[in-house]
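One-letter residues, chain by chain:
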Amino acid sequence: MFSMTGYGRAEYNEDGINLVVEIKTVNNRVFDLNAKTPRSFIMFDDLIRKTVQSYVKRGRIDLFVTFSDKREKQTGLNLDIARAESYYNIGKEIAQKFSVENDLTVTALMKCPDVVTDDAVSDMTEFESILKSTVQKACESLNAMRLIEGEKLVADMLSRMDEISSLRGKIVERAPLVALEHKERLKNRIEEALKDVKIDEARLLNEVAFYVDKVNIDEELTRLDSHIKQFRQIIKGEGAGKKLDFLMQEFNRETNTICSKSNDIQVTGYALSLKNEIEKVREQVQNLE
């Protein structure tokens, strides 16, 4: 199980070629890659995306590539005389038309686009394999950190799931006593109000039955137990973050219903503790891939 938070770095440095890839990730609901590379590496955008996607399934990913090529090269400059002549003629025409000085110099003319070109520009495809392997190594470094962090998250969430199970057990023990205590309270109030008048037991039982049906939380407790088992099963698989995120919503739904139905201070207290633990687990789930 991987955390969505991590950092990785890899470097290639041989024969005057230096390539550094750094990658960091934070939690996000979808795969969102932001790659910052040299302009000359724009042709490798798809390669980088597919390589990173093979290691990271979702999250906000920032990837940085720095590159330098210090190999000795033979430089060769080419002059496009026709293009230079066109720039010169246009400059001359502008000067005549607007009666301004023609200040076009050789230096300015050499700076015009494509007048002077370098025929020794490197073919960037030669760096494709180097880039791919370096990105892979950076991702492996990233995943090593994410795995350690993920294992810590899983251990923490499972311990909290044990606490959630324990709180549920306390509610299960307490719930049946709520009806009995309500019956006694109701009976005492009736006796106090009517004094020597005989209590209609059938009517009393009907009132208690109505109350028990109103506050019954057996279904919620059963579903909560099922959610706990599902959580422990799902967390064993890879890429379970989205499933667990949805499951935590179900945890919250059952607990909220228990709180709304409960008319007992102890059950309410346990349910509020449940909500607290569930929220902590939900926050941790947000960081799982």
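Residues numbered from 1 in each chain as written. Predicted model: local features only at pLDDT ≥ 70, side-chain atom pairs only at ≥ 80, totals over all residues. Heavy atoms only, no water.

Considering helix H7 (residues 241-261)
Just so we agree on the cut-off: Every helix listed is a DSSP run of H or I at least four residues long, and every strand listed is a run of E at least two residues long, numbered separately from the N terminus. In this scheme, a helix's expected span is set at 1.5 Å multiplied by one less than its residue total. Working definition: with a 1.4 Å probe on protein chains only, accessible area under 20% of the residue-type maximum means buried, over 50% means exposed, and in between means partly exposed.
Taking 1.5 Å of rise per residue, the 21 residues of H7 would be expected to cover 30 Å, and the 31 Å separating its terminal C-alpha atoms lies within 8% of that figure. By the burial criterion, the buried members of H7 are Gly241, Leu244, Asp245, Leu247, Met248, Glu250, Phe251, Asn252, Glu254, Thr255 and Ile258.

Re the pattern of salt bridges
Quick note on the threshold: A pairing counts as a salt bridge when a side-chain nitrogen of Lys or Arg comes within 4 Å of a carboxyl oxygen of Asp or Glu.
The final tally for this structure, using the stated rule, is 16 salt bridges. Between Asp162 and Arg232 there is a salt bridge, with the nearest N and O atoms lying 2.6 Å from each other. Of this pair, Asp162 sits in helix H4 (residues 128-194) while Arg232 sits in helix H6 (residues 218-234); the two residues are 70 residues apart in sequence, bridging distant segments of the chain. Among the residues examined, Asp162 registers a relative accessible area of 45% and is labelled partly exposed. Judged by its relative accessible area of 29%, Arg232 falls in the partly exposed class.

Here we look at the pairing of strand E1 (residues 6-14)
Put simply, the rule is: We call two strands paired when DSSP finds no fewer than two bridges between them.
Two strands pair when backbone bridges link them, and E1 and strand E2 (residues 17-26) are joined in this way by 9 bridges, in the antiparallel orientation. From the neighbouring strand, Glu11 faces E2, where its bridge partner is Val20. With antiparallel pairing between neighbouring strands as the criterion, E1 and E2 make up a hairpin whose turn holds 2 residues, including Asp15 at a positive phi of roughly 50 degrees.

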